[in-house]
Amino acid sequence: MTTPTEIQFKDVDLDAVAGAAGKVVVFVGDDGKLDAGARKVNTLTRKAVARLVESETFVKKTPGDVSVMAFPAGMAAAAVLVVKLSRRPDSQDARKAGAALAKAQGTADLLVMAGSINRADEIALGLALRGYKFDAHKTDEKKPGGDVTFMVSKPEVVAKSAAPMAAIAEGVFFTRDLTNEPANVLTTNDFAARLAAMQELGLDVEILEEDTLEKLGMRTLLSVGQGSDSPTKVVVMSWNGGKKGDAPFALVGKGVVFDTGGISLKPPAGMEDMTADMGGAGVVAGVMRTLALRKAKANVVGLVGLVENMPSGSATRPGDVVRSMKGDTVEIINTDAEGRLVLADVLWYTQERFKPSGIINLATLTGAILVALGHENAGVFSNSDELSADFIKAAAAEGEGAWRLPMSKAYDELLKSRIADMKNVGGRNAGSITAAQFLRRFVKDDVPWCHLDIAGTANVKSETALAPAGATGWGVMALNRLIADKYEG
Ligand code: BES
Ligand code: MN
Ligand code: ZN
């Protein structure tokens, strides 16, 4: 498991600057004024900082950008990193600055002179998040990252506000690791074992095996996994940090550990990306981890349907009809529209068992959401103006894009089947919406519900502000904030 770099917070000691090995970081705002740390470096380097700050290159930089002064005379350091940042940055700029530092750090130690900056905790979060590397399967490239020390006035206070952020970084890393892991390693068994290991953190973790799922009548879920040698599972994670007896909030995730498309086989190009088709379940797991690590004062259950969609002699055929746990029958037109079959039964089970105060499900559900929104925004579909607005607000505050799309009865018509209660695809048009309409049939009208289609945001081909290419962990921070704001207030 990848763990975030441990970041130390210490009292400011200007005498440590001259002899510090590695890289020394100072901050200068738009006003060009040097704080004590920057002044110290400026004196040691015979005014190199002041010259940089007056230069056109620095003036043109935007908040969070870094200028590198390599091998400065008068100091032991390999480089001075001058960050453009005001003393009271907003959290996005502070995280961006931290991310830029992570990229400039390499394997060196960092001494961050953040004495006058009031969001050192957010800088540390950005540094941790962008410092992530998935190198579990790299034989020669495993290099330990350098140490990071922040010098701040009141280190105890900063360390205290940074603690929940360390919990966030660890949750995001857990999601990224799960999502990046190839499907021969992260089988349904391995996934369930990694979730069960979170019992050490105080989470209750229960694993429902195929015989139990069969008894519960979860035939839409089981139909997806019946072509695979890996057993289908549902994992239930519970965090009871709130008032006893308060209905929990529920998170539900699509955990397709690999999606070949089944008998409706996908084309070869890009099929390897379907190793990340458990991204929704990965986010649910990451949020549960963060809640446990920061001992959240809320009752939250996280349920994931773990399954592999494979073609074989026992696989579901196009045209098969299966009965859901709810009782409705589904004609499976396309075995590649499997995510909704997984979620249908897990959503129904969640409502029957937990009577949740609300549900948010996450799924890499449709390629069509990439066509509509690209990698910048997840699609939000909901039966509740309030819950969707609250989620979108939380996502905006965390810099995670989310955009609501419509739902209505008219789209629902597209799911009519000649021989069953519904079919599992609606045709070419409005593919993300018909998928959402399908899910809605398994959500009770009085339960506030949001479906997040994260096929575009969970996994990216080139780096984002706070993540290298690959799994992003999109949604962990937004959901953590939503729970903190809405249920811990
Ligand atoms: N897992 C895919 C969706 C997906 C596509 C995720 C690209 C990430 C990147 C999903 O199971 C799927 O195959 N959806 C089909 C639905 C169609 C058959 C109605 C799709 O989007 O093509
Ligand atoms: Mn599919
Ligand atoms: Zn899928």
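Residues numbered from 1 in each chain as written. Chains lettered and ligands numbered in written order. Predicted model: local features only at pLDDT ≥ 70, side-chain atom pairs only at ≥ 80, totals over all residues. Heavy atoms only, no water.

**Student:** Whenever I open this one, the side chain of arginine 95 confuses me. Can you help?
**Tutor:** Relative to the assigned elements, arginine 95 resides in helix H4 (residues 91–105). Residue arginine 95 is classed as buried on the basis of its relative accessible area, which comes to 2%. Only 2.7 Å separates the side chain of arginine 95 from the side chain of glutamate 398, close enough to count as a polar contact. Those residues within four positions of arginine 95 in sequence are excluded, and the remaining contacts are Glu122, Leu125, Gly126, Glu398, Leu466 and Met477. (Helix = DSSP H or I, 4+ residues; strand = E, 2+ residues; numbered from the N terminus. Buried < 20%, exposed > 50% of the residue type's maximum accessible area, 1.4 Å probe, protein only. Polar contact = N/O pair within 3.5 Å; in protein donor to acceptor, adjacent residues only side chain to side chain. Contact = heavy atoms within 4.5 Å.)

**Student:** It is not clear to me how helix H5 (residues 120–130) should be interpreted in this structure. Could you clarify?
**Tutor:** Along an α-helix, residues three or four apart share an orientation, since each turn contains 3.6 residues. The buried fraction of H5 is high, at 11 of 11 residues. Buried within H5 are the following residues: Ala120, Asp121, Glu122, Ile123, Ala124, Leu125, Gly126, Leu127, Ala128, Leu129 and Arg130.

**Student:** Would you take a moment to explain the coordination of the zinc ion (ligand 3) for this structure?
**Tutor:** Only Lys254 (NZ), Asp259 (OD), Asp277 (OD) and Glu338 (OE) from the protein reach the zinc ion (ligand 3) as donors, at distances of 2.0 to 2.4 Å. Relative to the metal, the 6 donor atoms surrounding the zinc ion (ligand 3) lie at angles of 78 to 175°, and the coordination shape comes out octahedral. The sequence pattern describing where the donors of the zinc ion (ligand 3) fall on their chain is K-x4-D-x17-D-x60-E. The distance between the zinc ion (ligand 3) and the manganese ion (ligand 2) comes to 3.2 Å, and aspartate 259 binds to both of them. Taken as a pair, lysine 254 in strand S9 (residues 249–259) and glutamate 338 in the loop between strand S12 (329–331) and helix H11 (339–354) lie far apart in primary sequence, 84 residues in all. Residue classification places glutamate 338 among the buried residues on the basis of a relative accessible area of 1%. (Donors = N, O, S within 2.8 Å, 3.2 Å for Na, K, Ca; no water. Tetrahedral: all angles 85-135°; square planar, octahedral: opposite > 155°, others 65-115°.)

**Student:** Would you explain unusual backbone geometry in this entry?
**Tutor:** Among all residues except glycine, the phi angle is most often negative; among peptide bonds, the trans geometry is most common. Positive phi, close to 60°, is recorded for lysine 154, a residue that is not glycine. Within the element layout of this structure, lysine 154 appears in the loop between strand S6 (148–151) and helix H6 (155–180). The exposure class assigned to lysine 154 is exposed, which follows from its relative accessible area of 57%. Even without glycine at this site, lysine 295 takes up a positive phi of about 50°. Counting through the fold element by element, lysine 295 comes out in the loop between helix H10 (279–293) and strand S10 (299–309).

**Student:** Mind showing me how you'd approach the coordination of the manganese ion (ligand 2) here?
**Tutor:** Octahedral metals with six donors have ideal donor angles of 90 or 180 degrees. Tetrahedral metals with four donors have an ideal donor angle of 109.5 degrees. At this site the manganese ion (ligand 2) is bound by Asp259 (OD), Asp336 (O), Asp336 (OD) and Glu338 (OE), with donor distances of 2.0 to 2.2 Å. Geometry at the manganese ion (ligand 2) is irregular, judged from the 6 donor atoms that bind it and their angles of 71 to 167° at the metal. All donors of the manganese ion (ligand 2) belong to a single chain; written as a sequence motif, their spacing is D-x76-D-x1-E. Since its relative accessible area comes to 23%, aspartate 336 is described here as partly exposed.

**Student:** Whenever I open this one, a negative patch on the surface confuses me. Can you help?
**Tutor:** A contiguous patch of negative charge, built from Asp11, Asp13, Asp15 and Glu156, is present on the exposed surface. Turning to its location among the elements, glutamate 156 is positioned in helix H6. Classification of glutamate 156 by relative accessible area gives exposed; the value is 55%. (Patch = residues over 30% accessible without salt bridge, like charges linked within 9 Å, V, L, I, M, F, W, Y side chains within 5 Å. Areas by Shrake-Rupley, 256 points an atom, 1.4 Å probe, with all protein chains shown as cover. Salt bridge = Lys/Arg side-chain N within 4 Å of Asp/Glu carboxyl O. Lys, Arg positive; Asp, Glu negative; His and termini not counted. Charge placed at Lys NZ, Arg CZ, Asp CG, Glu CD.)

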